Amino acid sequence: MIIKNAEHEITAVKPNQYPVTGFPEVAFVGRSNVGKSSIINTLLNRKNLARVGQTPGKTRQINFFAVNGNFYLVDLPGYGFANVSKEMKASWEKIIETYLYSRRQNQLKLVVMLVDIRHSPSKDDIVMYQWIKGYGMNSIIVATKADKITRSQINIRLNDIRKVLQLDKSTKIIPFSSEKRTGREEVLEEIGRSLFG
Ligand code: GTP
Ligand code: MG
C-alpha cells in the first residue's frame, strides 16, 4: 500500500467524540512504551505526527489519523504501566476497551497488537490477546524494537512470543523496527489487505 497523505483528525476519549465518517480503522494496541505511536509515524513516513515519549504513558487519549482520505490509523493509550495511580490505570483501560468494543463490528478492520521483541508477553498482553480473539477481531502481532537484538535472536524471540500468546498458525507475527524501518512494507501490506481485500 502507498501512503499518499496523512493528517491528525481528532483526539477522543468517548465514543461520541470518535469520527463519524464511517471510514474503516486499524488500531494499535500494546503495553505503554512498546512503540505504538512510533510505528504509526514510521508507517506514515512522519517524524512526530503521533507523539512519542521516553517514558511510558505518553499517549493518554485516542488519536485518529486520517490516511489517504479513506481510512484511519488509531493510536491508543498503552496498558500495563505500573507507575500510575489505580484510577488513571482504570481510566486508560476503559478508554481502550470502550474503543475496541464500540468499533469491533463495523469500522475496526484490523487490530495490530505490539509486543516488545526482547520480552515474553506479559499477563496483560495475554489477556488483551484473548479478548481480541474472543471478539473475533482480525489481528496481527508486531514484535517491536527488533533493532535491539541480533538477527540470529529474532526467530528465537518470535517463537517464544508465538508460544506464550498461543497464536494459531494463521496469525502473522512481524518483526519491526521504527529505528531501522524494517517490517514497514510487510505491515502496510497486511493493513491494505485487511482494509481493501
Ligand atoms: P505510550 O504512548 O506511553 O503507550 O507508548 P507507545 O507505545 O506509544 O511508545 P512510543 O512510540 O512513544 O515509544 C516509546 C519509546 O520507545 C520511545 O523512546 C521510542 O523512541 C522508543 N522506540 C519505539 N520504537 C522503537 C524501535 O523500533 N526501536 C528502538 N530502538 N526504540 C523504539
Ligand atoms: Mg503512544
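Residues numbered from 1 in each chain as written. Chains lettered and ligands numbered in written order. Predicted model: local features only at pLDDT ≥ 70, side-chain atom pairs only at ≥ 80, totals over all residues.

Here is the rule: UniProt positions are given in the numbering used here, feature names are shortened, and annotations may be inferred rather than shown by experiment.
Per an unreviewed UniProt entry, the protein carries the name Probable GTP-binding protein EngB and comes from Ruminiclostridium herbifermentans. Per its UniProt entry, the protein bears the Cofactor (unreviewed entry) comment "Mg(2+)". Database annotation for the protein, UniProt heading Sequence similarities (unreviewed entry): "Belongs to the TRAFAC class TrmE-Era-EngA-EngB-Septin-like GTPase superfamily. EngB GTPase family."

## Quick word on the overall build of the protein
The condition is simple: Here a helix means four or more residues in a row that DSSP labels H or I, a strand means two or more in a row labelled E, and each is numbered from the N terminus. Values of the radius of gyration come from C-alpha atoms, whereas the globule rule sets the reference at 2.2 Å times the count of residues to the power 0.38. Comment: burial labels come from other C-beta atoms within 10 Å of the residue's own C-beta, placed from the backbone, where a count of 20 or more is buried, 12 or fewer is exposed, and between is partly exposed. C-beta atoms are placed from the backbone for every residue, and two residues are taken to be in contact when these atoms lie within 7 Å.
Summing up its helical and strand segments, the protein has 5 helices and 7 strands in all. The helix and strand sequence of the protein, counted from the amino end, reads β-β-α-β-β-α-β-α-β-α-β-α. Rg of the C-alpha trace for the protein: 16 Å, near the compact-globule value of 16 Å for 197 residues, within the 12% margin. Dimensions of the protein, computed from the C-alpha atoms along their principal axes, are close to 45 × 40 × 35 Å. Evaluated residue by residue, the protein yields a buried proportion of 38% over its 197 residues. Residue pairs at least 24 apart in sequence account for 71% of intrachain contacts in the protein once pairs closer than 6 positions are excluded.

## Here we look at the site of ligand 1
The following threshold applies: Working rule for contacts: place C-beta from the backbone, and if it is within 6 Å of a molecule or strand, that residue counts as near it.
Near ligand 1 there are 24 residues, and of these Gly35, Ser37, Ser38, Thr59 and Gly78 occur at the shortest range. Tallying contributions element by element places helix α1 (residues 36-43) first for the shell around ligand 1, with 3 residues.

## Digging into helix α2 (residues 86-103)
Quick note on the threshold: One less than the number of residues in a helix, times 1.5 Å, gives the span that helix is expected to have. Throughout, the arc means that of the directions going from the helix axis to the C-beta atoms.
With 18 residues, α2 extends 26 Å between its outermost C-alpha atoms, agreeing within 8% with the 26 Å of an ideal straight helix rising 1.5 Å per residue. Regarding α2, the residues found buried are Trp92, Ile95, Tyr99, Leu100 and Arg103. Across the axial projection of α2, the buried residues extend over an arc of 115 degrees, all falling on one side. Pointing more than 90 degrees away from the buried face of α2 are the exposed residues Lys86, Glu87 and Ala90. Residues of α2 that are buried make contact with β2 (25-30), β3 (62-67) and β5 (108-116).

## Notes on the confidence of the model for the protein
Under the convention used in this document: pLDDT measures the predictor's confidence residue by residue and takes values from 0 up to 100.
Mean pLDDT for the protein: 95, with 100% of residues reaching 70 or above. Model confidence for the complex: the whole-complex pTM is 0.97, and ipTM, which rates the interface, is 0.99.

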